[in-house]
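Architecture at a glance
Okay, here's what each chain looks like letter by letter:
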Amino acid sequence: MPSIKHIRNIGIIAHIDAGKTTLSERMLFYSRKIHRMGEVHNGSATMDYMPEEQERGITIMSACTTCQWGENTINLIDTPGHVDFTIEVERALRVLDGAVGVFCAVGGVEPQSETVWRQSEDFNVPKIAFINKIDRLGADFEAVLEAMRQRLQTNAVAVTIPLGQGEDFRAVLDLVNEQSLTFDPADQGQTVHRAPFTEEEAAIAAPWREILLEKLGEADDAFVEPYLEGTFTLADINAALRRATLARTLTPVFCGSALRNMGVQPVLDAVCALLPSPADVPAPVGHDADGREIIVEATPNAPAAALVFKVLMENGRKLAFVRMYAGRIREGESLRNTASGKDDRLGRIYRPHADRREQVESAEAGEIVVVVGLRGHTGETYTARERQLALESIDAYAPVITLALEPRNADEGKILDEALARYTEEDPTLLARLDDDTGSRMVSGMGELHLDVLLERMQREYGISPRAGNPQVVLRETVRKEAEAAAVFDREMGKERHQGSAALRVAPRARGTGNVVEVGDFLPQDAAEARKILPRVYLDAALEGVRDALQCGDLTGYPIEDVAVTLTAVDRQEGLTTVPGCRMAAGQALREALAAATPVVLEPVMRVEITVPEDFLGASITLFTTCGGKVEDMEDHGGRKTLRGAAPLRRLFGFSTSLRSATQGRAGLVMTFDRFDLP
């Protein structure tokens, strides 16, 4: 079992087609984890093991594997680059300690690159960067570095630079060790030839090395004095690079061509030398049942604490991907799910390798493993019984597009329900419900590709092809003005009479700020006095009734968004008022207040980024504005125009197909959900 100091939990993050999976494949090959390199373009990549990934040449589901590099164990997660599968990136970043950002030397900093980089910043993940495809025509290493600084707001500094670009790319220059690195094509780049700089190479590298040392001095206080005095050593540079990377004051940048097997080993070296072990990152903070903070130290001797960050269903068994934050687990032990309060017994424990697994007897702090026997869901915490705490969960994304699925017969209906139950268990961004009026299964996801992949998986894995309706956008409701209402509920339900009375006020909030439910000042400030007038159980029931009613608006049946609800009264009559009565009265009052507050429908608005050759710019703008789009920004990037704007999702169905047709297939398009807003 590896020492925690020698564990690296890292992810590969990037825009679609930047070369993440190709880089991952080389890392596995050079670390001897696999004996033959697969390729994305011919569907043989180890980490893209789903048939849908192999056919489309994209990563859909984040794949986790483990490999050795020197004395270090690297747990590597290859994440998707397509925006429809953002949750896969989000839950990977939640459990990673470091990341490698991959950028195309031609495409530069592309839209999804910005998204995943911003996600990693939200989780305070230290990163190194790899500028890939230096061998491609149009590659511009320096332009990508500048784009990283401008668009990602990161202090990107070259640690290796290319000798030649495009067809002339022939070596990588190591600025720290002042060596040129060439990679032997005879053994697929496994042999790295290191040689001191020639005079020509030294002249090319000198200004780059001076920038590196200067930026290190600015980013790391301990390096300033030896740098200014000129007394620093190679060890000083490496130590300063590590400190600055861990502090996220500097992002080391490497270069190469993963497809041509050039420049990958320096990235592996940097993962081990510069990125943190679980012991180097701040200890996560959990909360006990009373809300008190508990620091979870990464030590195997503490009581166990683990987070489920991904769930897969395989042959009827639930496989839970778990990040161990503290303690040690063994087969046959029991852990408590702090969300449900129930104990689950651990079955087998595995180290993952894409779609295959290696059984182990135990796992401890810092490791990422797959466990059989845990019944929990994504984002839930498991702990030893003597240590009850909940770690920060994983945010869920609201779906924006819905598809109606209709089974062809009763038997297919049963299989469809079984398939949907499995897929929604695995994917928190996928929601399914039965429409009582039509009998259709309504499936909501993050985009057209998301739902297309779902239908393909059903056909391949379950042999069913339900009829699919036209995609429909997911809506929300809000209000335009303030309104008040009061309601009395007094009815027999079953054989019991339930009574309750509540009044409240509803008001609009700024777009995107969410809902607020609060209690007005109708009760005394003294908690004991307030409980005498209205026991807490009745107040909680009224609040629950409000929150339930916010889930279903009158106009569309979709949830209410961006409103403030203030309870202004909850009356109690001794011997008559009941908990269900208070809940029903509050819900009824809210529905009446919403109806009086001029309710309106909100629909999803997408951020759109289109990259096209200049010849097709006019056609692209015309097509975009025809779909209700508003162009907000435009820039020139390497002879191609990039325009950014916003448009309602409802008008964008089929837009990607029309754009490809209008630009002879030469346009790049990325759409990301921005907000719910008025049509």
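The model shown is predicted, which means the values in this text are computed figures rather than measured ones.

Comments concerning the overall build of the protein chain
What the protein chain contains, in helices and strands, is 16 helices and 37 strands. Against the globule reference of 26 Å for 679 residues, the protein chain gives a C-alpha radius of gyration of 28 Å, in line with a compact fold. Overall, the C-alpha framework of the protein chain stretches about 95 × 65 × 55 Å when taken along its three principal axes. Counting contacts in the protein chain only where the partners sit at least 6 residues apart, residues at least 24 apart contribute 72% of the total. Of the roughly 29300 Å² of accessible surface on the protein chain, a fraction of 47% belongs to carbon and sulfur atoms. Treating the 75 positive side-chain charges of the protein chain as one cloud and the 102 negative ones as another, the clouds have centres 4 Å apart.

With respect to the nonpolar core
A general trend in soluble globular proteins is that nonpolar side chains are found buried together. With 73 residues, the main nonpolar core has V100, F141 and M148 as its most contacted residues. Broken down by element, the residue count for this core peaks at 7 residues, all from helix α9 (residues 264-274). Those residues in contact with F141, other than ones at most four positions away along the chain, are I131, I134, A158, T160, I161, P162, Q165, W208, V253, F254 and C255.

As for the sheet that holds strand β18 (residues 343-345)
Strand order in the open sheet made by the 8 strands is β18-β17-β23-β14-β15-β22-β19-β20, with antiparallel pairing throughout. The open sheet terminates on both sides in strands that have one partner only, identified here as β18 and β20 (356-360). The average undirected angle you get between the axes of adjacent strands in this sheet is 40 degrees. Here strand β17 (residues 334-337) runs beside strand β23 (residues 381-383); their pairing, made up of 2 bridges, is antiparallel. Across the sheet, the residue bridging to N337 is Y382, located in β23. In the packing of helix α10 (residues 410-426) onto the sheet, contacts are made with β14 (305-314) and β15 (317-326), and the angle to β14 comes to roughly 155 degrees.

Points about the environment of L216
Here L216 is to be found in helix α6 (residues 199-219). Those residues within four positions of L216 in sequence are excluded, and the remaining contacts are F223, I237, A240, L241, A244 and L250.

Topic: the environment of A326
Within the fold, A326 resides in strand β15. With a relative accessible area of 0%, A326 lands in the buried category. Considered as a pair, A326 and P303 are 23 residues apart in the sequence and their alpha carbons are 6.6 Å apart.

Some thoughts on the confidence of the model for the protein chain
Low pLDDT means the predicted coordinates in that region are not meant to be read closely. For the protein chain, per-residue confidence averages 87 on the pLDDT scale, and residues scoring 70 or more make up 93% of the total. Ignoring residues within four places in sequence, the model shows residues 46-50, a span with pLDDT below 50, making 31 contacts including any to other chains. Within the model, pLDDT remains below 50 along residues 56-60, and this stretch shows 23 contacts once partners closer than five positions in the same chain are excluded.

What to know about the state of the cysteines
Here the structure, examined in full by the defined rule, presents 0 disulfides. Looking at the unpaired C67, the closest cysteine sulfur is the one in C272, lying at 8.2 Å.

Focus: the side chain of T251
Along the chain, the position of T251 falls in strand β11 (residues 251-255). T251 sits in the buried class, given a relative accessible area of 6%. At 2.7 Å, the side chain of T251 and the side chain of T154 are in polar contact. Ignoring anything within four residues of it in the chain, the contact list for T251 reads W117, K127, I128, A129, T154, N155, A156 and V157.

Here's the deal with the packing of aromatic side chains
As enumerated under the stated definition, the model contains 10 aromatic pairs in all. With a centroid separation of 5.6 Å and 50 degrees between ring planes, the pair formed by F223 and F232 is classed as tilted. With a relative accessible area of 1%, F223 lands in the buried category. For the ring pair F309 and F321, a centre distance of 6.1 Å and an interplane angle of 70 degrees mean the geometry is edge-to-face. With a gap of 12 residues between them, F309 in strand β14 and F321 in strand β15 connect regions that are remote in the sequence. With a relative accessible area of 5%, F321 lands in the buried category. Site record: aromatic cluster; members linked through ring pairs are F223, Y227 and F232. A cation over an aromatic ring shows up here: K127 above the ring of W117, its NZ or CZ 4.9 Å from the ring centre. The aromatic ring of F321 is capped on one face by K310, whose charged end is 6.0 Å from the ring centroid.

Structural notes on the sheet that holds strand β30 (residues 483-493)
Each strand in a sheet pairs with another by means of backbone hydrogen bonds, the pair being arranged parallel or else antiparallel. The mixed open sheet is built from 4 strands, whose spatial order is β30-β31-β33-β32. Both edges of this open sheet fall to β30 and β32 (516-519), since each of them pairs with a single strand only. Across this sheet, the average inter-strand angle for adjacent strands is 25 degrees, counted without regard to direction. Direction of pairing for β32 relative to strand β33 (residues 563-571): parallel, over a ladder of 4 bridges. From the neighbouring strand, V517 faces β33, where its bridge partner is V565. Sheet strands touched by helix α13 (residues 536-549): β31 (496-508), β32 and β33. Its angle to β33, the strand with the most contacts, is close to 145 degrees.

Quick look at the packing of helix α8 (residues 234-246) against α9
A pair of packed helices can be characterised by two numbers: the angle between their axes and the separation between those axes. It is the contact of α8 with α9, at a shortest axis distance of 9 Å, that shows an interaxial angle of 75 degrees. Classified by the angle their axes make, α8 and α9 are roughly perpendicular. Packed against α8, whose contacting residues are N238, L241, R242, T245 and L246, the element α9 presents C272, A273 and L274 at the interface. Considering only residue class, the contact of α8 with α9 consists of 5 nonpolar, 2 polar and 1 charged.

A look at the pattern of salt bridges
In total, this model carries 46 salt bridges according to the counting rule given. A salt bridge links R243 to D220; the nearest nitrogen and oxygen atoms lie 2.7 Å apart. You can see R243 sitting in helix α8 and its partner D220 sitting in the loop between α6 and α7 (221-229), a full 23 residues away along the chain. Under the relative-accessibility criterion, R243 is labelled partly exposed at 36%.

Digging into helix α14 (residues 579-596)
The end-to-end C-alpha distance of α14, which contains 18 residues, comes to 26 Å, matching closely the 26 Å that a straight helix rising 1.5 Å per residue would cover. Buried within α14 we find G581, C582, A585, A586, G587, A589, L590, A593 and L594. Each element contacted by the buried residues of α14 is listed here: β29 (476-479), β30, β31, α13, β33 and β34 (599-613). Of the residues flanking the start of α14, the one acting as N-cap is T578, its side-chain oxygen 3.1 Å from the backbone nitrogen of G581. Among the residues trailing α14, T598 stands out with phi positive, at a value near 55 degrees.

Analysis parameters
- Numbers given for residues are sequential positions, taken from 1 along each chain in its written order.
- This being a predicted model, a pLDDT of at least 70 is required before a residue's local features are given, and a value of 80 or more before pairs of side-chain atoms are given or counted; all residues contribute to the totals for chains, interfaces and linings.
- Note: side-chain values were computed over all heavy atoms of the structure, leaving out hydrogens and water.
- Helix and strand assignments follow DSSP, with helices taken as H or I runs no shorter than four residues and strands as E runs no shorter than two, numbered in order from the N terminus.
- For the radius of gyration, the atom set is restricted to C-alpha positions; the globular benchmark scales as 2.2 Å times the number of residues to the power 0.38.
- The contact criterion used throughout is that any non-hydrogen atoms of two residues lie within 4.5 Å.
- Reported accessibility uses the Shrake-Rupley method at a 1.4 Å probe radius. Residues are deemed covered only where the shown protein chains occlude them.
- By the counting rule applied here, Lys and Arg register as positive and Asp and Glu as negative, while His and the ends of each chain are not counted.
- Here the site of a charge means NZ on Lys, CZ on Arg, CG on Asp, or CD on Glu.
- Definition of nonpolar core: a set of buried residues of the types Ala, Val, Leu, Ile, Met, Phe, Trp, Tyr and Cys, connected through side-chain atoms within 4.5 Å.
- Buried means the residue's accessible area, taken with a 1.4 Å probe over protein chains only, is under 20% of the maximum for its type, while exposed means over 50%, and partly exposed covers the values in between.
- For two strands to count as paired, DSSP must find a minimum of two bridges between them.
- Axis definition: a line fit to C-alpha positions, over the contact stretch in the case of helices; interaxial angles, taken between N-to-C directions, run 0 to 180 degrees.
- The predictor's confidence in any single residue is recorded as pLDDT, a number from 0 to 100.
- Only a pair of cysteine sulfur atoms within 2.5 Å qualifies as a disulfide here.
- Under this definition, polar contacts are N or O atom pairs within 3.5 Å; protein pairs additionally need one hydrogen-donor-capable and one acceptor-capable atom, and for neighbouring residues in sequence, both atoms have to be side-chain atoms.
- The aromatic pairing rule takes the rings of Phe, Tyr and Trp, using the six-membered ring of Trp, and pairs them if the centres are within 6.5 Å, calling planes under 30 degrees apart stacked, those over 60 edge-to-face and the rest tilted.
- A ring is scored as having a charge over it whenever the NZ atom of a lysine or the CZ atom of an arginine sits within 6 Å of its centre and within 35 degrees of its normal.
- For this classification, under 35 degrees means roughly parallel, over 145 means roughly antiparallel, 65 to 115 means roughly perpendicular, and everything else is oblique.
- Polarity classes work like this: nonpolar for Ala, Val, Leu, Ile, Met, Phe, Trp, Tyr, Cys and Pro, charged for Asp, Glu, Lys and Arg, and polar for all others, with Gly in that last group.
- Whenever Lys or Arg places a side-chain nitrogen within 4 Å of a carboxyl oxygen from Asp or Glu, that contact is recorded as a salt bridge.
- Expected span of a helix: the number of residues minus one, times 1.5 Å.

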